[in-house]
Amino acid sequence: MIVVTTPTGAIGSKVVRNLLERDAKVRVIVRDPAKLAESVRDRVEVVPGSHGDADVVNTAFAGAEAVFWLAPPNLHADSLASFYADFARPAAAAFARHGVGRVVGVSALGRGTPVADRAGFVTAALGMDDVIAASGVNFRSLALPGFMDNVLRDLDEIVDHGVYRTPLRPDLKLPHCCTGDIAGVATRLLLDDTWTGQDHVAVLGPEDVSSNDMAAIMGDVLGRPVRCEHTPPEAFLAGLKASGMSEAVVHGFYDMMTAKNSGLDQGEPRTPESSSPTSFRQWCEDVLKPAAAAR
């Protein structure tokens, strides 16, 4: 039995699909079971509720061999560090109580870099990893860079105005990965019962690309000019403050992007194992172009 949290999310839904394609036994934790596709709902065990709730995770993890862990965002949290750590504590206790064999968790690049302790959401995610690791469970933390899929948030601006705005330095080459490749790595680890201990697994995409590179690739694929426009730190912070998010979340985003500009995502050596297959150009062909056409 493999338990999947966030089964309707961008990564979790793909993990569920991958596992079902391999005829795995799957149990999901979901706040609203009605959001599950009917084809999925009929093939999985469903535990309603939040995976931050002790009663829910104790029900869900009983008899589980493996768990896919992803903490949902809370855009109104008073403290990111406290939210992520406190959210994971009931699960960490349940991993130990029920003898869960292995846990694969979604996290971030940056551990061991000089800016890891002041990187907002990333610092909080790494603290959550520590809470899980302290349970003693066999654990693989997926160390992830920025997601290619996040570009879709700016689809209207890209298509209608030919502008890709980012607080990252436009010429800074960084790793990027797509949610499909993340789900693929998670699925492999969930199904593989030969690994033990605690470590991280990086998913870096096949190459580092800059925001300028990404704009040029988007332009090529979409058949229209797209330019990168840098958002200065002051304007980025002002935009975040106008969003209605809590002060802690605003600074969590701001500090994370500031840290990325200062090397947060550049501390992980690129290896054949960490280089996931989907390039940004391929992602644009497979995802961005159809999304633009469907608007």
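Look a little higher up for the structure.
Residues numbered from 1 in each chain as written. Predicted model: local features only at pLDDT ≥ 70, side-chain atom pairs only at ≥ 80, totals over all residues. Heavy atoms only, no water.

(A) Expanded view of the sheet that holds strand β4 (residues 66-69). If you trace the seven strands from one edge of the open sheet to the other, you get β3-β2-β1-β4-β5-β6-β10, paired in parallel fashion. In this open sheet, the two strands that pair with only one neighbour each are β3 (45-48) and β10 (198-202). Each strand axis lies, on average, 20 degrees off the axis of its neighbour in the sheet, ignoring direction. Bridging between strand β1 (residues 2-5) and strand β2 (residues 26-30) involves four bridges; their strand directions are parallel. Bridge pairing in β2 places Ile2 opposite Val26. The strands touched by helix α4 (residues 80-98) within the sheet are β4 and β5 (102-106), with β4 carrying the most contacts at an inclination of about 170 degrees. Where helix α7 (residues 179-191) meets the sheet, its contacts fall on β1, β4, β5, β6 (139-143) and β10, and the angle it forms with β5 comes to roughly 170 degrees. (Pairing = 2+ DSSP bridges. Helix = DSSP H or I, 4+ residues; strand = E, 2+ residues; numbered from the N terminus. Axes fitted to C-alpha atoms, helices over the stretch in contact; angles between N-to-C directions. Contact = heavy atoms within 4.5 Å.)

(B) Geometry of helix α1 (residues 12-21). Considered for burial, the residues of α1 that qualify are Gly12, Val15, Val16, Asn18, Leu19 and Leu20. In this structure, the buried side of α1 is in contact with β1, β2, α2 (38-41), β4 and α7. A positive backbone phi angle near 60 degrees is found at Asp23, which sits one or two residues after α1. (Buried < 20%, exposed > 50% of the residue type's maximum accessible area, 1.4 Å probe, protein only.)

(C) The arrangement of the pattern of salt bridges in detail. For the coordinates displayed, the defined rule picks out 14 salt bridges. Taking the shortest distance from any N to any O, the salt bridge between Arg295 and Asp156 comes out at 2.8 Å. Of this pair, Arg295 sits in the segment after α11 (280-293) while Asp156 sits in helix α6 (residues 155-161), and the two are 139 residues apart along the sequence. With relative accessibility at 47%, the residue Arg295 sits in the partly exposed group. Across the pair Lys173 and Asp213 runs a salt bridge whose closest N-O atoms are separated by 2.5 Å. Here Lys173 is found in the loop between β8 (163-166) and β9 (176-177), whereas its partner Asp213 is found in helix α8 (residues 211-222), with 40 residues between them in sequence. With relative accessibility at 45%, the residue Lys173 sits in the partly exposed group. Look at the salt bridges and you will find they share partners, linking Glu157, Arg165, Arg227 and Glu229 into a network. (Salt bridge = Lys/Arg side-chain N within 4 Å of Asp/Glu carboxyl O.)

(D) Spotlight on the packing of aromatic side chains. By the definition in use, this model includes nine aromatic pairs. Connected via pairs of aromatic rings, a cluster forms that spans Phe61, Trp69, Phe83, Tyr84, Phe87, Phe95, Phe121 and Phe253. (Phe/Tyr/Trp six-rings, centres within 6.5 Å; stacked < 30°, edge-to-face > 60°.)

(E) Broad picture of helix α5 (residues 121-133). Taking 1.5 Å per residue as the helical rise, α5 with its 13 residues ought to reach 18 Å, and the 18 Å between its terminal C-alpha atoms agrees with that figure. Contact partners of the buried residues in α5: β4, α4, β5, β6 and α10 (247-260). (Expected span 1.5 Å × (residues − 1).)

(F) Region of the structure containing the pairing of β2. Among the five residues that make up β2, five are buried, leaving the element largely enclosed by the rest of the structure. Going residue by residue along β2, you find Val26, Val28 and Val30 tucked away on one face and Arg27 and Ile29 tucked away on the opposite face as well. Between β1 and its parallel partner β2, the chain crosses via α1, and the hand of that crossover is right-handed. Pairing analysis gives four bridges linking β2 to β3, with the strands arranged parallel. Bridge pairing links Val28 to Val46 in β3. (Right-handed = clockwise from strand over helix to strand, strands pointing away.)

(G) Structural view of the packing of α4 against α5. Direction vectors running N to C along α4 and α5 enclose 20 degrees, while the axes themselves pass 8 Å from each other. Classified by the angle their axes make, α4 and α5 are roughly parallel. Seen from above, α4 lies across α5 with right-handed handedness. Seen from α4, the contacting residues are Leu80, Ala81, Tyr84, Ala85, Ala88, Arg89, Ala92 and Phe95; seen from α5, they are Phe121, Ala124, Met128, Val131 and Ile132. When grouped by side-chain class, the residues that make up the contact of α4 with α5 number twelve nonpolar, no polar and one charged. (Parallel < 35°, antiparallel > 145°, perpendicular 65-115°, else oblique. Left-handed = near helix turned anticlockwise from the far one by under 90°. Nonpolar A, V, L, I, M, F, W, Y, C, P; charged D, E, K, R; others polar.)

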